[in-house]
Amino acid sequence: MKLINIGFGSMVAAARLIAIVAPDSAPIKRLIQEARDRGMLIDASYGRKTQAVLLMDTDHVILSAVPTETLYARWMERNEEKEEAAE
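Residues numbered from 1 in each chain as written. Predicted model: local features only at pLDDT ≥ 70, side-chain atom pairs only at ≥ 80, totals over all residues. Heavy atoms only, no water.

Observations concerning the overall build of the protein chain
If you tally the helices and strands in the protein chain, you get 2 helices and 6 strands. Across the protein chain, helices and strands are ordered from the amino to the carboxyl terminus as β-β-β-α-β-β-β-α. Across the 87 residues that make up the protein chain, the buried fraction comes to 34%. Considering only contacts in the protein chain between residues 6 or more positions apart, those separated by 24 or more positions represent 50%. Taken as a whole, the protein chain presents about 5500 Å² of accessible surface, with 52% of it coming from carbon and sulfur. (Helix = DSSP H or I, 4+ residues; strand = E, 2+ residues; numbered from the N terminus. Buried < 20%, exposed > 50% of the residue type's maximum accessible area, 1.4 Å probe, protein only. Contact = heavy atoms within 4.5 Å. Areas by Shrake-Rupley, 256 points an atom, 1.4 Å probe, with all protein chains shown as cover.)

Topic: the environment of Ala 13
Turning to its location among the elements, Ala 13 is positioned in strand 2 (residues 10-13). Exposure remark for Ala 13: the relative accessible area of 13% places this residue in the buried category. Taking the C-alpha atoms as reference points, Ala 13 and Met 1, 12 residues apart in sequence, are found 6.8 Å from one another. In contact with Ala 13, not counting residues within four places along its chain, are Met 1, Lys 2, Leu 3 and Met 56.

Here we look at the packing of aromatic side chains
In total, this model carries 1 aromatic pair according to the counting rule given. With a centroid separation of 5.5 Å and an interplanar angle of 55 degrees, the aromatic rings of Phe 8 and Tyr 46 are classed as tilted. Of the two residues, Phe 8 is situated in the loop between strand 1 (3-7) and strand 2 and Tyr 46 in the loop between strand 4 (41-43) and strand 5 (52-56); the sequence distance between them amounts to 38 residues. The exposure class of Tyr 46 is exposed, given its relative accessible area of 51%. (Phe/Tyr/Trp six-rings, centres within 6.5 Å; stacked < 30°, edge-to-face > 60°.)

Considering helix 1 (residues 26-38)
Between the first and last C-alpha of helix 1 there are 18 Å, a value that for 13 residues agrees with the 18 Å anticipated at 1.5 Å per step. Where the residues of helix 1 are buried, they touch strand 3 (17-21), strand 4, strand 5 and strand 6 (61-64). Gly 39 lies just past helix 1 and shows a positive phi near 80 degrees. (Expected span 1.5 Å × (residues − 1).)

Points about unusual backbone geometry
If you check the backbone angles, Phe 8 has positive phi at about 55 degrees while not being a glycine. On the accessibility criterion, Phe 8 (41% relative accessible area) is partly exposed. Positioned with a positive phi, Asp 59 is a non-glycine residue whose angle comes to about 75 degrees. Position of Asp 59 relative to the elements: it lies in the loop between strand 5 and strand 6. Judged by relative accessible area, Asp 59 falls into the partly exposed class, the value being 43%.

Purely geometric stuff here, so don't read any function into it on its own.
Structure (structure tokens):
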């Protein structure tokens, strides 16, 4: 199982990740609040400003202080490694 470092020693399973989005828009803020209310929010930002929101296939919402572009690059590295291994 490939893991992606989302900052401060926290990792998520790359295969379970659906999307990485910025936390600025109203619909994403609403999504975060709804996940908090359902107990499905994981705050991995360690008190820092949230710069990315990760949506998982398990319906969890994860907050990260690492910028979306950085997380995307890490995610794509994992996908490229997976494709190379398949060849």
